[in-house]
Amino acid sequence: MASCIAFQMKNIEDAHEHWSNGWETVEEYGSSAHGHKLHIWDDGGRKLCRCQGCGGYLLYQRSEYHSDTDDSSDSFYSHYFPVETPAEAEELNFRYDGFQIEAEFRRRFLCATNGRYRWAGTIEESNEPEW
């Protein structure tokens, strides 16, 4: 088994194009497990997905921040982590809450904030523009 090849692509546009066929949900993990939240802000959760383009795996984490003021809208955060197997995804769920996985994941992953994407992680912190 392998992770989705989109995480090996240089730019975000190519990764987005690769994901245009979508993902199949393999397993829903919900919003909490192993005594911690599987998201960052007010609502969210994680699920294991399989890319429809290449058959590779990714762990998807979504979070929503609810604004406390009437003049601000909610904010939405998505994180896409490459995983090789369902067992690796479960290990990440066991080891990391929503904040920890971002800080301690040691490979390149994709972040989206309110629909704006950027690469993150330890491999080639990208200086390419967001989209």
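Here the structure is shown first, and the text comes after it.
Residues numbered from 1 in each chain as written. Predicted model: local features only at pLDDT ≥ 70, side-chain atom pairs only at ≥ 80, totals over all residues. Heavy atoms only, no water.

(A) Representation of the packing of aromatic side chains in the model. All told, the structure shown has 12 aromatic pairs when counted by the stated rule. Pairing tryptophan 19 with tryptophan 23 gives two aromatic rings, centres 5.2 Å apart and planes at 65 degrees, and the pair type is edge-to-face. A relative accessible area of 34% means that tryptophan 23 is categorised as partly exposed. Their ring planes at 40 degrees and their centres at 5.3 Å tell us that tryptophan 19 and tyrosine 80 sit as a pair that is tilted. (Phe/Tyr/Trp six-rings, centres within 6.5 Å; stacked < 30°, edge-to-face > 60°. Buried < 20%, exposed > 50% of the residue type's maximum accessible area, 1.4 Å probe, protein only.)

(B) Representation of the nonpolar core in the model. Among the nonpolar cores identified, the biggest contains 16 residues, and Cys4, Phe7, Trp19, Leu58, Tyr80 and Leu110 are the most heavily contacted of them. When residues of this core are traced back to their parent elements, those giving at least two are helix H1 (12–18), strand E4 (43–51), strand E5 (57–65), strand E7 (109–113) and strand E8 (116–120). Non-local contacts of cysteine 4, meaning those with residues more than four positions away in its chain, are made with His18, Trp19, Cys51, Cys54, Gly56, Tyr57 and Leu58. Counting 15 residues, the second largest nonpolar core, distinct from the first, contains Tyr29, Phe81, Leu92 and Tyr96. (Core = buried A, V, L, I, M, F, W, Y, C linked by side-chain atoms within 4.5 Å. Helix = DSSP H or I, 4+ residues; strand = E, 2+ residues; numbered from the N terminus. Contact = heavy atoms within 4.5 Å.)

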